[in-house]
Amino acid sequence: MKVIKLLMVLFFGTVSNSMLAQHNLSLHVAGVKSDDGNVCFAIYSNESSFLKYDEVFKFGSQKAVKGKTTIEIEDLPDGNYAVAIFHDANGNKNLDTNMFGIPKEEIAFSRGKMKMFGPPKFDECAFILNSNMELNIMLQ
């Protein structure tokens, strides 16, 4: 009887750990023009929340390193994600734009690129995370 209970605990423990897998995402952001400020990121988990400030799945920043800044993001569950990044050179924690809403600071996305008349869509930037992953991203 004890053996059966032990096997059940081991089985359900293994199943629950695999269902709640957490992964690390390394973002290697190239094209950082200076050491000033921070490189900020926002992770979105679905199309309806994409680029909405109040619906970010996870966000943060890393001190800017001229040339390439690496950001380590831990504990992301399996899922479909898109990342938006900008170099907040002046350190005001906002993406500065001109009067037409065009960014004044360098920006980038996990896959897609800025278009002539706006940002890419979630599906153009999305990637599947089901293990630890590294992404190389170039600021524009």
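Quick caveat, the model's predicted, so the values are computed rather than measured. (Residues numbered from 1 in each chain as written. Predicted model: local features only at pLDDT ≥ 70, side-chain atom pairs only at ≥ 80, totals over all residues. Heavy atoms only, no water.)

What follows concerns the environment of Phe57. Relative to the assigned elements, Phe57 resides in the loop between β2 (38–44) and β3 (58–63). A relative accessible area of 40% means that Phe57 is categorised as partly exposed. (Helix = DSSP H or I, 4+ residues; strand = E, 2+ residues; numbered from the N terminus. Buried < 20%, exposed > 50% of the residue type's maximum accessible area, 1.4 Å probe, protein only.)

This brings us to the sheet that holds strand β8 (residues 133–138). Spatially, 3 strands are ordered β4-β1-β8 in an open sheet, and the strand pairing comes out mixed. Edge positions in the sheet fall to β4 (67–77) and β8, since each has one partner strand and no second. Each neighbouring strand pair of the sheet contributes to a mean axis angle of 20°, computed without reference to strand direction. One ladder, built from 9 bridges, connects strand β1 (residues 22–32) with β4; its direction is antiparallel. Residue pairing across strands places Ala30 opposite Lys68, the latter belonging to β4. (Pairing = 2+ DSSP bridges. Axes fitted to C-alpha atoms, helices over the stretch in contact; angles between N-to-C directions.)

Attention now goes to the pattern of salt bridges. For the structure on display, the rule yields 2 salt bridges. Salt-bridge contacts for Glu106 lead to Lys33; the nearest nitrogen and oxygen are separated by 3.5 Å. In this pair, Glu106 sits in the loop between β5 (79–88) and β6 (107–109) while Lys33 sits in the loop between β1 and β2, placing the two residues 73 residues apart along the sequence. Glu124 serves as the salt-bridge partner of Lys115, at 3.1 Å between the closest nitrogen and oxygen. For Glu124, a relative accessible area of 37% gives the class partly exposed. (Salt bridge = Lys/Arg side-chain N within 4 Å of Asp/Glu carboxyl O.)

Before going further, it helps to examine the pairing of β5. Taken across its 10 residues, β5 has 8 buried, putting it largely inside the fold. Of the strand pairs in this sheet, β2 and β5 are connected by 7 bridges, and their pairing is antiparallel. By the bridge assignment for β5, Phe41 is matched with Ile85. In this structure, β5 lies alongside strand β7 (residues 127–129), joined through 3 bridges in antiparallel fashion. Each bridged residue has a counterpart across the sheet, and for Asn80 the counterpart in β7 is Ile128. For β5 and β6, the ladder comprises 3 bridges, and the chain directions are antiparallel. Across the sheet, Phe86 pairs through a bridge with Ile107, a residue of β6.

The next subject is the layout of surface pockets. In this model, the largest pocket occupies a volume close to 700 Å³. In terms of lining residues, the largest pocket is bounded by 27 residues, among which Ala42, Tyr44, Tyr53, Phe86 and Leu95 are the most central. Counting residues per element, the ones that place at least two in the lining of the largest pocket are β2, β3, β5 and β6. Considering each element in turn, the lining of the largest pocket owes the most residues, 5 residues, to β2. Taken together, the residues that form the lining of the largest pocket break down as 18 nonpolar, 7 polar and 2 charged. Looking at the second largest pocket, its volume works out to about 170 Å³. Every residue lining the second largest pocket is listed: Gly101, Ile102, Pro103, Glu105, Ile107, Met114, Lys115, Met116, Phe117, Gly118 and Gln140. Partitioned by chemical class, the residues of the lining of the second largest pocket number 6 nonpolar, 3 polar and 2 charged. (1 Å grid on protein atoms, 1.4 Å probe; cavity = no way out; pocket = protein on both sides within 12 Å on 5 of 7 lines; lining within 4 Å. Points joined across faces, edges and corners; volume = space filled by probe spheres on them. Nonpolar A, V, L, I, M, F, W, Y, C, P; charged D, E, K, R; others polar.)

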